[in-house]
Amino acid sequence: MGAGFALLAVPSCRAVGSPLVMDPNSICRKTKRLAGKQAELCQLEPEIVQEVAKGTKLGVRECQYQFRFRRWNCTSHSKYFGKILQQDIRETAFVYAITAAGVSHAITQACSMGELLQCSCELTRSRAPPSPTAGPGTEGTAWEWGGCGDDVQFGYEKSQQFMDAKSKKGKNDIRALIDLHNNEAGRLAVRSYMRTECKCHGLSGSCTLRTCWRKMPHFREVGDRLLERFNGAFKVMGGNDGKTLIPVGDNIKPPDKQDLIYSADSPDFCSANRKTGSLGTRGRVCNSTAMDTSGCDLLCCGRGHRDETVVLEENCLCRFHWCCVVQCRKCSVRQELSLCV
Ligand SMILES: *[C@@H]1O[C@H](CO)[C@@H](O)[C@H](O)[C@H]1NC(C)=O
Ligand SMILES: *[C@@H]1O[C@H](CO)[C@@H](O)[C@H](O)[C@H]1NC(C)=O
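Residues numbered from 1 in each chain as written. Chains lettered and ligands numbered in written order. Predicted model: local features only at pLDDT ≥ 70, side-chain atom pairs only at ≥ 80, totals over all residues.

Per an unreviewed UniProt entry, the protein chain goes by the name Protein Wnt and belongs to Strigops habroptila.

So, in structure tokens, the structure goes:
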């Protein structure tokens, strides 16, 4: 299983590995052979490459969380994942977006933590001084920029350099356009949702002055937002000039920058299929009372399910002893599971 930097580097053989699970050293080894922009980055900025690897992992883990009760559950430990990445279906769009978002997030976080030489907290001195009345929170309280704001622009630009490098326009312009669009949608799911945090200064909490800084959204929130975009993804096709994307169907409005786009319909992911990268849903745990995608009807594709009792060991009757140990007993817990046949 190779992972995705190769994939990230050469459009025509995108599935050589999945970026997504590769350690930074092998990313760079692979990339040396492939040369190009990414090889350059490996040489010049190895610390950033580490963060890129962390960011793609963060993205894939969030993908697995968001899709945990769906037929396609973002399993990445299989060559089937590479197959997904080679297509232009909604699932592909989500993976590209969430990993580009993960990379922006991880790099920006590393900047704020002081882990990179190239960047640090956001410089707010250059920012327009806040007007004393129009500020976050309490009216009329004086405030100024301070603390450690997240330099999200730095993470955004690095994610752009690394993640977009693969999709140079070439033979397959339409696919490259779609991938680039979805990468950008992912980065914007971080950059466009910065929140302001403040702290009060003053005698006994009187809050005569507040300092404020900008923080990125929690990554879970980024995942939730991208899942919404996945559910409302826009289907597009290439225009005659090979350079533009045209919405398909009767969408009233064209997709905006934060929407996910795709050009091919997804398989149903019901049975295993090497060609489509579907693992099938046999043996998956489903919920016999739920009516949504986690319900046995939908998840098992109407094939039905069987119930099984499993015995799990859990900590129980835990007691706290002064000071400071917690002692527990082991209890066996029976759990009813429904599994797709
Ligand atoms: C995801 O699906 C695969 C294949 O059906 C299964 O082996 C795996 O256990 C699932 N993962 C989770 C977290 O449900
Ligand atoms: C199964 O679905 C029901 C109804 O949606 C829900 O209340 C319950 O928590 C679910 N059980 C599990 C184990 O997720």
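Resuming the write-up.
## Things to note about the overall build of the protein chain
Assigned secondary structure in the protein chain consists of 10 helices and 11 strands. Burial analysis of the protein chain (341 residues in total) assigns 39% to the buried set. When contacts within the protein chain are restricted to residue pairs at least 6 apart in sequence, those whose partners lie at least 24 apart make up 65%. (Helix = DSSP H or I, 4+ residues; strand = E, 2+ residues; numbered from the N terminus. Buried ≥ 20, exposed ≤ 12 C-beta atoms within 10 Å, placed from the backbone. Contact = placed C-beta atoms within 7 Å.)

## Brief notes about the sheet that holds strand S11 (residues 325–340)
Taken together, three strands build an open sheet; the order of strands is S9-S11-S10 and the sheet is antiparallel. Here the strands that pair on one side only, and so sit at the sheet edges, are strand S9 (285–286) and strand S10 (305–321). Pairing geometry for S10 and S11, over 15 bridges, is antiparallel. Across the sheet, Leu-312 pairs through a bridge with Val-333, a residue of S11. (Pairing = 2+ DSSP bridges.)

## Points about the site of ligand 1
The environment of ligand 1 is formed by Arg-68, Asn-73, Thr-75, Leu-279, Thr-281 and Arg-284. Within the shell around ligand 1, the residues separate by chemical class into one nonpolar, three polar and two charged. (Near = placed C-beta within 6 Å. Nonpolar A, V, L, I, M, F, W, Y, C, P; charged D, E, K, R; others polar.)

## Examining unusual backbone geometry
Glycine aside, residues mostly have negative phi angles, and peptide bonds mostly take the trans form. A cis amide bond, omega -25 degrees, links Trp-322 with the succeeding residue Cys-323. Tracing the chain through its elements places Cys-323 in the loop between S10 and S11. Here the bond from Cys-323 into Cys-324 is cis, since omega is 25 degrees, no more than 30 degrees from zero. Note on placement: Cys-324 falls in the loop between S10 and S11. Non-glycine residue Phe-269 carries a positive phi angle of around 60 degrees. Tracing the sequence through the fold places Phe-269 in the loop between strand S6 (261–262) and strand S7 (272–273). Overall, Phe-269 belongs to the buried group, with 21 C-beta atoms counted inside 10 Å. One non-glycine residue with positive phi stands out, namely Leu-317, at about 45 degrees.

## Describing the sheet that holds strand S2 (residues 195–201)
Pairing is mixed in the open sheet, where three strands are placed in the order S1-S3-S2. The two strands at the open ends of the sheet, each matched to only one other strand, are strand S1 (142–145) and S2. Going across the sheet, the axis of each strand differs from the next one's by a mean of 30 degrees, ignoring polarity. When S1 meets strand S3 (residues 209–215), the two strands line up parallel, connected through four bridges. When the bridges of S3 are listed, Trp-145 appears paired with Cys-212. (Axes fitted to C-alpha atoms, helices over the stretch in contact; angles between N-to-C directions.)

## Quick look at the pairing of S3
Looking at chain direction, S2 and S3 are connected through seven bridges and run antiparallel. The residue bridging His-201 from the neighbouring strand is Leu-209, located in S3.

## Looking at the environment of Ser-288
With respect to the helices and strands, the residue Ser-288 is situated in the loop between S9 and helix H10 (296–299). Residues Ser-288 and Gly-304 lie 16 residues apart in sequence; the distance between their C-alpha atoms is 9.9 Å. Beyond its immediate chain neighbours, meaning those up to four positions away, Ser-288 contacts Cys-296, His-305 and Ser-338.

## Details of helix H7 (residues 152–163)
Look at H7: 16 Å from first C-alpha to last across 12 residues, which is about the 16 Å you get at 1.5 Å a residue. If you check which residues of H7 are buried, you get Val-152, Phe-154, Gly-155, Tyr-156, Lys-158, Ser-159, Phe-162 and Met-163. (Expected span 1.5 Å × (residues − 1).)

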